[in-house]
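Summary of structural features
Spelled out, the chains give:
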Amino acid sequence: MVKAILTLASHDYPLWTVDEDSGRKNPGLPAYIQTPEGFEDLLDAIQREYDSYFVLDGEALEFKGFANEEERDHLAKESYEAERILKSAVGDSLMVENRIPSILMLAPVKKAK
């Protein structure tokens, strides 16, 4: 079974296709599936926004945290939209898994001072 996974990692691509039988993992969709119009732009925007929460501290990349819950919720909502578009485009040809909301729940929100 081939699965499309929406995920977030610093300065990475947010969509990976995994062949669960062979273990092969590739960025993006398989060549036989046409990318929906505007979908790449949405993924790029999600990744850019997520990357903006990281700072280079010396030699280490550090997550600075969300300023508030709304920032985190915005990214989650964008990921649900990406999931909706992707499921509509691939139909039954791929299983779609959206890991972004669970990744975001692990990300800290700055405490109000």
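Keep in mind it's a predicted model, so treat the numbers as computed, not measured.

1. What about the nonpolar core?
One finds L15, L86 and L104 to be the most contacted residues of the largest nonpolar core, which totals 26 residues. Those elements that provide at least two residues to this core are β1 (2–6), α1 (39–51), α2 (69–90) and α3 (100–106). Counting residues per element, this core draws most heavily on α2, which supplies six residues. Among all residues touching L15, those that are not within four sequence positions of it are A4, I5, L6, N26, P27, G28, L29, F39, L43 and L86.

2. Considering the pattern of salt bridges
This structure, assessed with the given rule, holds six salt bridges. With a shortest N-O distance of 3.0 Å, E97 and K3 are connected by a salt bridge. Linking E97 in strand β6 (residues 95–98) with K3 in strand β1, this pair joins segments that are 94 residues apart in sequence. Via salt bridges that share partners, K3, E20, E97 and R99 belong to a single interconnected network.

3. Some details on the pairing of strand β5 (residues 60–63)
Every other side chain in a regular strand lies on the same face of the sheet, so the side chains alternate between the two faces. Bridge count for strand β4 (residues 54–57) against β5 is four bridges, and the pairing is antiparallel. Each residue of the ladder has a partner; that of F54, found in β5, is F63.

4. What to know about unusual backbone geometry
Glycine aside, residues mostly have negative phi angles, and peptide bonds mostly take the trans form. Positive phi values are uncommon outside glycine, yet H11 reaches one of about 50 degrees. Along the chain, the position of H11 falls in the loop between β1 and β2 (15–19).

Conventions and cut-offs
Residues numbered from 1 in each chain as written. Predicted model: local features only at pLDDT ≥ 70, side-chain atom pairs only at ≥ 80, totals over all residues. Heavy atoms only, no water. Core = buried A, V, L, I, M, F, W, Y, C linked by side-chain atoms within 4.5 Å. Buried < 20%, exposed > 50% of the residue type's maximum accessible area, 1.4 Å probe, protein only. Helix = DSSP H or I, 4+ residues; strand = E, 2+ residues; numbered from the N terminus. Contact = heavy atoms within 4.5 Å. Salt bridge = Lys/Arg side-chain N within 4 Å of Asp/Glu carboxyl O. Pairing = 2+ DSSP bridges.

All we've got here are geometric facts, nothing functional implied.
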